[in-house]
Structure formats: structure tokens, C-alpha cells
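Analysis of the macromolecular model
Given next are the chains, with one letter for each unit.
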Amino acid sequence: MLKRSLFILLIFPLVFNCTVTEKPEFLGLDKIKVINSNFKSITLSADAMFKNPNDVGGKLKTDDLKVYINDTEVATIVSDEFDVPSKQNFTIPLVVSVATDSLIDQKSLGGLLGSLLSQQLKVSFKGEIDYKVFGYSSSYTVDELQNIKIKL
């Protein structure tokens, strides 16, 4: 009985001193860039930046993050679960390859030709990144737009 009471007295402060008061903070997307481009495809990358003030981690996952180029939806990013480190800033790499023929339709042809001539694309990421820890879950809304340079 004494061992059990001692065990409870030692474990109780450890469990309740852990910080789990808030979800990690989504700081935004950074380093949105073209990492490869040719006439067949364009590969884009971005870093989703977070800050976790908690003593525990959790998991982040994106199932439905849409990528738009010149206002045309061209891809969806689906990622594996990412382990959230405790008490630190961290990034999740997002990479997507887009076939250039998916950029061509009647309404966006003029915008695509203009982009190719100016060597700039209007890229946006829209959707959600999901966070889970100890049965608790929440989502971060992503809505980032950036003009980026391309080289074909």
C-alpha cells in the first residue's frame, strides 16, 4: 500500500506539470518555390511552419490541401502523418508535381500564356492541415498566395 501511494505521489506532479494547454501555432507557409520545371511538369515546394509550446507532440496530416496556379485548381497534396516535436519550432515540407497540360483550359489559356511570357506563376495553397493529440483534434486553415518565378 505504501509503494502504491508513493508511486501515485511521484507520478501525479509529472503528469499535471506537462503543458498541453494549446495546439501548436500555425505560422504560415514559407519558401514557396519551383524546384523543377519543364514543358511536361512543374514541381512546387513549400514549408508549413509551426511553433509547439507544449511538452507533448502529436501528429499533423494534410489530406485535402489544394494547389492553384493562376486560379485553376491543379493538384491536391496528401501527406503521411508528421510527428510534432515538443517545445520547438518546426516545418513540414510540402511537395507537389503538376502536369503542365492540367494548366490548360479555355478560361486559363490567356493567363498561362501571360505567365510563360513573364515567367511568373500565381500559386496558392488552400485547405486544411489536421492536428491530433490524445484523442483531441483540430484543423489549421491554409490560404496562402504568392507569385513565383519559373524557368522553362
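The sections below set out a description of the structure shown in this document. Quantities reported herein were computed from a predicted structural model and do not represent experimental measurements. (Residues numbered from 1 in each chain as written. Predicted model: local features only at pLDDT ≥ 70, side-chain atom pairs only at ≥ 80, totals over all residues. Heavy atoms only, no water.)

1. What to know about the pattern of salt bridges
By the definition in use, this model includes six salt bridges. In this structure, the salt-bridge partner of Lys 66 is Asp 64, at a minimum N-O distance of 3.0 Å. Classification of Asp 64 by relative accessible area gives partly exposed; the value is 43%. Between Lys 122 and Asp 71 there is a salt bridge, with the nearest N and O atoms lying 2.8 Å from each other. Remark: Asp 71 occurs in the loop between strand 4 (65-69) and strand 5 (72-77) and Lys 122 occurs in strand 8 (residues 120-133); sequence separation between them is 51 residues. Here Lys 122 falls in the partly exposed class, since its relative accessible area comes to 27%. (Salt bridge = Lys/Arg side-chain N within 4 Å of Asp/Glu carboxyl O. Buried < 20%, exposed > 50% of the residue type's maximum accessible area, 1.4 Å probe, protein only. Helix = DSSP H or I, 4+ residues; strand = E, 2+ residues; numbered from the N terminus.)

2. Some details on the sheet that holds strand 1 (residues 25-37)
One open sheet accounts for three strands, arranged 1-2-7; its pairing is antiparallel. This sheet does not close on itself; its edge strands, each paired only once, are strand 1 and strand 7 (88-99). Strand after strand, the sheet turns through a mean of 20° between neighbouring axes, direction not considered. Here strand 2 (residues 41-52) runs beside strand 7; their pairing, made up of twelve bridges, is antiparallel. By the bridge assignment for strand 7, Phe 50 is matched with Phe 90. (Pairing = 2+ DSSP bridges. Axes fitted to C-alpha atoms, helices over the stretch in contact; angles between N-to-C directions.)

3. Brief notes about the nonpolar core
Burial of nonpolar side chains together is a common tendency in soluble globular proteins. If you look at the biggest cluster of nonpolar residues, it comprises 32 residues, and the most contacted ones within it are Leu 44, Phe 50, Leu 60 and Phe 125. Going through the elements one at a time, strand 1, strand 2, strand 4, strand 5, strand 7, strand 8 and strand 9 (136-149) are the ones with two or more residues in this core. For this core, the leading source of residues is strand 8, giving six residues. Discounting residues that sit within four places of it in the chain, Leu 60 has contacts with Phe 50, Asp 80, Glu 81, Phe 82, Val 84, Phe 90, Ile 92, Ile 129, Asp 130, Tyr 131 and Tyr 140. (Core = buried A, V, L, I, M, F, W, Y, C linked by side-chain atoms within 4.5 Å. Contact = heavy atoms within 4.5 Å.)

4. Focus on unusual backbone geometry
A positive phi angle is found at Lys 31, which is not glycine, with a value near 55°. Here Lys 31 is to be found in strand 1. With relative accessibility at 53%, the residue Lys 31 sits in the exposed group. Of note in the backbone geometry, Lys 87 takes a positive phi value of approximately 50° without being a glycine. Among the secondary structure elements, Lys 87 is positioned in the loop between strand 6 (82-83) and strand 7.

What is shown is where atoms sit, not what they do.
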